[in-house]
Amino acid sequence: MDSFNTVKAVRGSILDIRQVVDSPEQIVDNVRFVKDGLLLIENGKIKWRGEWEDGKALVPQGTRVRNYAGKIIVPGFIDTHLHYPQTEMIGAYGEQLLEWLNNYVFPTEAKYGNEEYAREMSEFFIKELLRNGTTTALVLGSVHPESIDALFETALKQNMRLIAGKVMMDRNAPDNLTDTPESSYNDSKKLIEKWHKKGRLLYAITPRFAPTSSPEQLAIAGQLRREYPDTYVHTHLCENKSEIEWVKSLFPERKNYLDVYHHYGLTGSKSIFAHSIHLSDDEWQCLQDTNSTVAFCPTSNLYLGSGLFKLSEARRRKIKVGIGTDIGAGTSFSMLQTLNEAYKIQQLQNQKLSAFEAFYLVTLGNAKSLELDHCIGNFDIGKEADFVVLDPCATPIQQLRYDNAKDLSEQLFILITLGDDRSIYRTYVDGRNVYSAS
Ligand code: GUN
Ligand code: ZN
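Residues numbered from 1 in each chain as written. Chains lettered and ligands numbered in written order. Predicted model: local features only at pLDDT ≥ 70, side-chain atom pairs only at ≥ 80, totals over all residues. Heavy atoms only, no water.

As recorded by an unreviewed UniProt entry, the protein chain carries the name Guanine deaminase and is attributed to Shewanella benthica. In UniProt, the protein chain has this text filed under Sequence similarities (unreviewed entry): "Belongs to the metallo-dependent hydrolases superfamily. ATZ/TRZ family." Database annotation for the protein chain, UniProt heading Function (unreviewed entry): "Catalyzes the hydrolytic deamination of guanine, producing xanthine and ammonia." (UniProt positions renumbered as here; feature names shortened; annotations may be inferred.)

**So, the overall build of the protein chain**
Along the backbone of the protein chain there are 15 helices and 16 strands. Rg of the C-alpha trace for the protein chain: 21 Å, near the compact-globule value of 22 Å for 438 residues, within the 12% margin. Overall, the C-alpha framework of the protein chain stretches about 65 × 55 × 40 Å when taken along its three principal axes. Across the 438 residues in the protein chain, those meeting the buried criterion constitute 62%. (Helix = DSSP H or I, 4+ residues; strand = E, 2+ residues; numbered from the N terminus. Rg over C-alpha atoms; globule rule 2.2 N^0.38 Å. Buried < 20%, exposed > 50% of the residue type's maximum accessible area, 1.4 Å probe, protein only.)

**Observations concerning the coordination of the zinc ion (ligand 2)**
Coordination of the zinc ion (ligand 2) by the protein comes from His-81 (NE2), His-83 (NE2), His-236 (NE2) and Asp-326 (OD), over a distance range of 2.0 to 2.4 Å. One can describe the donor arrangement at the zinc ion (ligand 2) as irregular, given that its four donor atoms subtend angles of 88 to 169° at the metal. One chain supplies every donor to the zinc ion (ligand 2), and in sequence these donors are spaced H-x1-H-x152-H-x89-D. In this pair, His-81 sits in strand 5 (residues 77-83) while Asp-326 sits in the loop between strand 13 (320-323) and helix 12 (335-348), placing the two residues 245 residues apart along the sequence. Here the two residues His-81 and Asp-326 agree in accessibility, since each one is buried. (Donors = N, O, S within 2.8 Å, 3.2 Å for Na, K, Ca; no water. Tetrahedral: all angles 85-135°; square planar, octahedral: opposite > 155°, others 65-115°.)

**A few points about the packing of helix 12 against helix 15 (residues 408-418)**
Between helix 12 and helix 15, the shortest axis-to-axis distance is 6 Å and the interhelical angle comes to 100°. Between helix 12 and helix 15, the angle falls in the class roughly perpendicular. Every residue of helix 15 that contacts helix 12 at Leu-336, Gln-337, Leu-339, Asn-340 and Tyr-343 is listed here: Phe-413, Leu-415, Ile-416 and Thr-417. Here the contact of helix 12 with helix 15 is composed, by residue class, of six nonpolar, three polar and no charged. (Axes fitted to C-alpha atoms, helices over the stretch in contact; angles between N-to-C directions. Parallel < 35°, antiparallel > 145°, perpendicular 65-115°, else oblique. Contact = heavy atoms within 4.5 Å. Nonpolar A, V, L, I, M, F, W, Y, C, P; charged D, E, K, R; others polar.)

**Notes on the pairing of strand 12 (residues 293-296)**
Taking every second residue as pointing to the same face, both faces of strand 12 are buried, with Thr-293 and Ala-295 on one and Val-294 and Phe-296 on the other. Pairing geometry for strand 11 (residues 271-275) and strand 12, over three bridges, is parallel. Its bridge partner being in strand 12, Ala-274 is matched across the sheet by Ala-295. The parallel pair strand 11 and strand 12 is bridged by helix 9 (residues 281-289), and the resulting crossover is right-handed. Note that strand 12 and strand 13 share four bridges and pair parallel. Looking across to strand 13, one finds that Val-294 is bridged to Val-321. (Pairing = 2+ DSSP bridges. Right-handed = clockwise from strand over helix to strand, strands pointing away.)

**Some points on the UniProt feature "domain: Amidohydrolase-related" (unreviewed entry) in the protein chain**
In the numbering used here, UniProt assigns the "domain: Amidohydrolase-related" (unreviewed entry) feature to residues 72-434. Split by type, residues 72-434 is 43% helix and 17% strand. Its first and last C-alpha atoms lie 17 Å apart.

**Some details on the site of ligand 1**
Lining the immediate surroundings of ligand 1 are His-83, Gln-86, Leu-97, Trp-100, Leu-101, Arg-208, Phe-209, His-236, Glu-239, His-275, Asp-326 and Ala-329. Contact between ligand 1 and Gln-86: an oxygen atom at 2.8 Å from a side-chain N or O atom of the residue. Here Glu-239 contributes a side-chain N or O atom positioned 2.7 Å from a nitrogen atom of ligand 1. Here the element with the most residues in the shell around ligand 1 is helix 2 (residues 97-109); it accounts for three residues. Here the residues of the shell around ligand 1 sort into five nonpolar, four polar and three charged. (Near = heavy atom within 4 Å. Polar contact = N/O pair within 3.5 Å; in protein donor to acceptor, adjacent residues only side chain to side chain.)

**Examining the packing of aromatic side chains**
Inspection of the entire model under this criterion finds 14 aromatic pairs. Aromatic side chains Tyr-68 and Tyr-428 sit 6.5 Å apart centroid to centroid with 75° between the ring planes, which places their arrangement in the edge-to-face category. With Tyr-68 in strand 4 (residues 65-75) and Tyr-428 in strand 15 (residues 424-429), this pair connects stretches of sequence that are 360 residues apart. Per residue, the accessibility class of Tyr-68 equals that of Tyr-428, and both read buried. Judged by centre distance (5.5 Å) and plane angle (50°), the ring pair of Tyr-84 and Phe-125 falls under tilted. With a gap of 41 residues between them, Tyr-84 in the loop between strand 5 and helix 2 and Phe-125 in helix 3 (residues 115-131) connect regions that are remote in the sequence. On the basis of relative accessible area, Tyr-84 is assigned to the buried category, the value being 0%. For Phe-125, a relative accessible area of 0% corresponds to the buried category. (Phe/Tyr/Trp six-rings, centres within 6.5 Å; stacked < 30°, edge-to-face > 60°.)

Here you go:
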């Protein structure tokens, strides 16, 4: 087949961020906006990007140009922390973290030992990501390895870039949800051998959180990380004050909560610590020294009443921050809604979150937080062609507000504040259209 036949052409306004920055002030100078732009895609990668007028002659004869006039084409959104086996229990009433886990989460996750159920829910989950414009995510499964087989099988059909792992937990959870250090090692190892780097899939070693892992299991997790140094580590940290007290009582010999993970070799540039709300100075310092990442989960932190993440402290220390939904404590799959709540958390602390920084966070910033900025996050030539076509006027109020917005920053800010799944007009993964609103 003539290679030109594989070229796809997409026309519309194009918005992305040129490069990874180490302070939010640098973002505005790195915003790339082309009002009438062209993306050429070949074999799932960006082949060319720029002004339509400059690029139209490069479109191979016979190639249909998808014209998204009036829409905004942006890199696919990235969600750096969520639980797929909690999809069906979003919005569980009335509890904070520890009671919520016992009353709602554990009974739901127990269902994922059934392969057929896990497969059915994987399909639902991946569809929900795509209809919200999320093309990459860092996902926790349940304790059952079958849950991750099902999820990866589903993601592989779309050739998605997805990171996931089986939860490791060998104590302080119901018997039908606990593994052992040995079984969690064997199951995780098998999953790594089977899935890590298959297509665009990647594996995360996933001890749920310190209270549900024995010291032996955390040591085994550290051993896995040493055996497979290019996998991720994904867990929770300092989300809730009762949780922190519990960790203190379970690991009295450790300096603090993060020191538990650090002691077992679980910190590092591909370690993602969800929440990280109530950190001591020592813990902030350790995150900084180890180049670890924190995942800020605004809708979840508000919903469970966990507390206000200190984005300004993370910025000051130049710690990588990912932003995530944390479904099902989080209440929306939409990264736009997640940013909307992030803005309000900043407001409650008398801090700002500009539209451009918010946009950076869910695209190139999140790519960097997962050390994937070399392959996703913006439209540099050669990057993977995962993108979203946004409709900035999906509802009457958005149309009204858009028409009186004075510049791009305000248009984008409105999209974040008022937007949600209705703003997602098309989603593309690997250069293919995988979701259409209409
Ligand atoms: N800490 C340990 N497990 C969980 C979980 O499933 N959700 C949240 N938000 N925090 C946790
Ligand atoms: Zn979580």
